[in-house]
Amino acid sequence: MKLSKQEYDQMNKQASPKSKLLPDCLWAFFVGGAICLLGEVLRTLYGRWGFALTDAAALTSATLVALSAVLTALGWYHKLATKAGAGTLVPITGFANAVVSPAIEFRVEGLVTGVGAKMFVIAGPVIVWGMMASVIWGVIYYFIRPLMGG
Amino acid sequence: MHFLWAFLVGGALCVIGQLLIDLTAMTPARILVLYVVAGVVLSALGWYMPLAEFAGAGATVPLLGFGHLLAQGVVDAVERHGLLGALTGGFSAAAGGIAASLVCGVIASLLSKSKDQS
Amino acid sequence: MQMQNKKGDTLFFRTPPSVLGYAAVGGKKESEGPLADGFDVLDTDTTFGEKTWEQSESRMQAICAETALKKSGVTPKELDCLFAGDLENQCTASNYTMRDLPVPFVGLYNACATMAEGLGLAAAFIAGGLAQRTMALASSHFCAAERQYRFPLEYGGKRTPTSQWTATASGGVVLGSVGGPPYVKAVTFGRVIDYGIKDINNMGAAMAPAAAHTLLTFLKDSGRQPEEFDRIFTGDLGAVGSTLLEEICEKEGVKLTNHSDCGLLLYDREQQQVDAGGSGVGCSASVLCSHILPQLKSGKLREVLFIATGALMSPTTFMQKESIPGIAHLVLLGSGK
């Protein structure tokens, strides 16, 4: 065939439909915003019930994680995510979904080699690189702290 | 009022993620990593704290907030334990979220089954 | 034994093997699609009564083999050879199906081109006088493919508009040296073609050049024109790949006016949320057995080209940023010899 790779690349770009940016972003905005709003409501409630600020925040995260786990197990989180995109990916509920879904999926490969080994197959990188960044920041902070007059 | 800001800021942070998905070839896993690392960096620069105070859960529930949590944890731990804190701070701060996900994952794997999507 | 004609890459069979019988089996989404009536068995549960998705696929394939044999009036003992393949790691769906089917077995992997590959080999064995009765069998299962190639089923991810839906389906064809129509008249085994597409969510684009290459090779080898055929069916190029195939052919001076794609036939894209269309080994295999062969048998179609296309990457090569090579095998089917 006479067709060159560059030519084909151009043809492919024209033939491939683009994501619908506006509806995608609206879905992400409203679903993501709603999850955060729910978080704020929970945080306020926990605060009213007498929990300290940091405890209320941790409890809020735990509640959202548990809620996401239930929705994931029922197969509903996935259904919402096909519409909401980043709206369900970016909040902590998305992190929980990334942990719970492989746990359910790979249960048939055993509790150790399936659930245990595969649970962090998607979320693992978040922990690895988040932790690396925090350790590096910790070391930097240790050395710049005296300069900051701390 | 803080409810409205939580909604708006949280929604906006998700829209940024959606733009990254639609306009770049980034996979979801990369976006999550980017968010957490960006959260650490923004927090280290001192820019995330004001946002968290202003928008509450709108800033802490998205994964940027998870990065912010890690960075804060490390600062607290360095204050208390010196250089050792750089190693212990992150995991201590993140322990709640990670353990909750882990426990939920194990329970869900015992109670639920993989289901067809169609 | 008659000598066969080989011209270029194409094998022309002087005594075309006969299609004795065929069967198509599908899952829930296939049961809701426009071709549902042509399927022999549809399981709306999609588990086929098994505990794991891998077992489900194997069970589905076994049901398909059983049904195809029954419909063609051939017992497993009478089969000289069976060619089967699927999408699972190490081709296990087929391997486990064949555990309970005492027939000489050749396991195949050419991704979604496996059905045409198997059918071509099964026909060549008979036409070459090496066998009396053979069978080609292929399957894919959405859930088994998804958990192996992409994400856990419950993971919330947004599908891109160019992505395709892996069919939960199986197709099986029994061939014999003696029998009525339809007939397998020629086969072109394709070459691996890579135009540098790297997007794992746009497999149609990765496979379209391979489909064009095989089709153009066949037209050159046979000296025929595309409009001489009632229909040219491609494997699972989907909406994007189909457009690209037609564009490539036009650039090469061949206008396609009678082209249909199995990935666009199996589902209703408006209603069924499959984005760019269907894909997977079972897509072309089941469309062949539920839609194409019945029409050839009834004489509604006289002569068609069946070109199944495969994307030959793995999750490993994808993560290593390799581009996606494509392959396409062509089978010429006719209602007369």
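Residues numbered from 1 in each chain as written. Chains lettered and ligands numbered in written order. Predicted model: local features only at pLDDT ≥ 70, side-chain atom pairs only at ≥ 80, totals over all residues. Heavy atoms only, no water.

- Under an unreviewed UniProt entry, the name given to chain B is Stage V sporulation protein AE, and the organism recorded is Anaerofilum hominis.

**Describing the interface of chain C and chain B**
Here is step 1 of the chain: Taken together, the contact pairs 13 residues of chain C with nine residues of chain B.
Here is step 2 of the chain: Counting the surface lost from both chain C and chain B, the interface buries some 1,000 Å², and carbon and sulfur atoms represent 48% of this.
Here is step 3 of the chain: When the area that chain C buries against chain B is broken down by residue, the three leading residues are W53, L153 and E154 of chain C, summing to 33%.
Here is step 4 of the chain: On the surface where chain C and chain B come into contact, there are three residue pairs in polar contact (both at pLDDT 80 or more).
Here is step 5 of the chain: Those elements giving two or more residues to the side of chain C that touches chain B turn out to be α1 (28-31) and α5 (142-149) of chain C.
Here is step 6 of the chain: Classifying every residue of the side of chain C that touches chain B gives six nonpolar, one polar and six charged. (Contact = heavy atoms within 4.5 Å. Buried area = accessible area lost by both parts, 1.4 Å probe. Polar contact = N/O pair within 3.5 Å; in protein donor to acceptor, adjacent residues only side chain to side chain. Helix = DSSP H or I, 4+ residues; strand = E, 2+ residues; numbered from the N terminus. Nonpolar A, V, L, I, M, F, W, Y, C, P; charged D, E, K, R; others polar.)

**A closer look at a nonpolar patch on the surface**
Here is step 1 of the chain: A cluster of nonpolar side chains, namely L111 and V112 of chain A together with L102, V103, V106, I107, L110 and L111 of chain B, defines an oily patch on the protein surface of about 760 Å² accessible area.
Here is step 2 of the chain: Breaking the nonpolar patch down by element, the ones donating at least two residues are α7 (111-118) of chain A together with α6 (84-111) of chain B.
Here is step 3 of the chain: Looking at which element gives the most residues to the nonpolar patch, the answer is α6 of chain B, with six residues.
Here is step 4 of the chain: Within the secondary structure, V112 of chain A is located in helix α7.
Here is step 5 of the chain: Looking at V112 of chain A, the relative accessible area reads 66%, which means it is exposed. (Patch = residues over 30% accessible without salt bridge, like charges linked within 9 Å, V, L, I, M, F, W, Y side chains within 5 Å. Areas by Shrake-Rupley, 256 points an atom, 1.4 Å probe, with all protein chains shown as cover. Salt bridge = Lys/Arg side-chain N within 4 Å of Asp/Glu carboxyl O. Buried < 20%, exposed > 50% of the residue type's maximum accessible area, 1.4 Å probe, protein only.)

**Some thoughts on the pattern of salt bridges**
Here is step 1 of the chain: Considering all chains together, one arrives at 18 salt bridges over all chains under this definition.
Here is step 2 of the chain: Close ionic contact of E250 of chain C with K255 of chain C constitutes a salt bridge, the shortest N to O distance being 3.8 Å.
Here is step 3 of the chain: Each of E105 and E109 of chain A together with E54 and R147 of chain C takes part in a single network of salt bridges with overlapping partners.

**Section: helix α5 (residues 63-81) of chain B**
Here is step 1 of the chain: In this model, α5 of chain B (19 residues) spans 27 Å end to end at C-alpha, consistent with the 27 Å of a helix rising 1.5 Å per residue.
Here is step 2 of the chain: Where α5 of chain B ends, the next residue or the one after it, G82 of chain B, has phi of about 75 degrees, a positive value. (Expected span 1.5 Å × (residues − 1).)

**What about the interface of chain B and chain A?**
Accessible area lost upon the coming together of the parts is a frequently used measure of interface size.
Here is step 1 of the chain: The partner chain A presents 63 residues to the 61 residues of chain B that form the contact.
Here is step 2 of the chain: Summed over both partners, the interface of chain B with chain A comes to about 5,300 Å²; 80% of that surface belongs to carbon and sulfur atoms.
Here is step 3 of the chain: Here chain B and chain A share one salt bridge between them.
Here is step 4 of the chain: With a closest N to O distance of 3.2 Å, R145 of chain A and E79 of chain B form a salt bridge.
Here is step 5 of the chain: Linking chain B to chain A there are 11 residue pairs in polar contact (both at pLDDT 80 or more).

**Observations concerning the UniProt feature "transmembrane region" (unreviewed entry) in chain B**
Residues and elements named next belong to chain B.
Here is step 1 of the chain: Mapped onto this numbering, the UniProt entry annotates "transmembrane region" (unreviewed entry) at residues 27-47, 54-71 and 91-111.
Here is step 2 of the chain: Taken as a whole, residues 27-47 contains 81% helix and 0% strand, while its terminal C-alpha atoms sit 27 Å from one another.
Here is step 3 of the chain: From the first C-alpha to the last, residues 54-71 spans 18 Å; its make-up is 83% helix and 0% strand. (UniProt positions renumbered as here; feature names shortened; annotations may be inferred.)

**Quick word on the packing of helix α2 (residues 53-72) of chain C against α5 of chain C**
Residues and elements named next belong to chain C.
Here is step 1 of the chain: Between α2 and α5, whose axes approach to 8 Å, the crossing angle comes to 140 degrees. As the angle between them shows, α2 and α5 are arranged oblique. Viewed along their axes, α2 and α5 form a crossing whose handedness is left-handed. When α2 is examined against α5, the residues W53, E54 and E57 are found in contact with a partner set consisting of C143, A144 and R147.
Here is step 2 of the chain: A class-by-class count of the residues in the contact of α2 with α5 yields three nonpolar, no polar and three charged. (Axes fitted to C-alpha atoms, helices over the stretch in contact; angles between N-to-C directions. Parallel < 35°, antiparallel > 145°, perpendicular 65-115°, else oblique. Left-handed = near helix turned anticlockwise from the far one by under 90°.)

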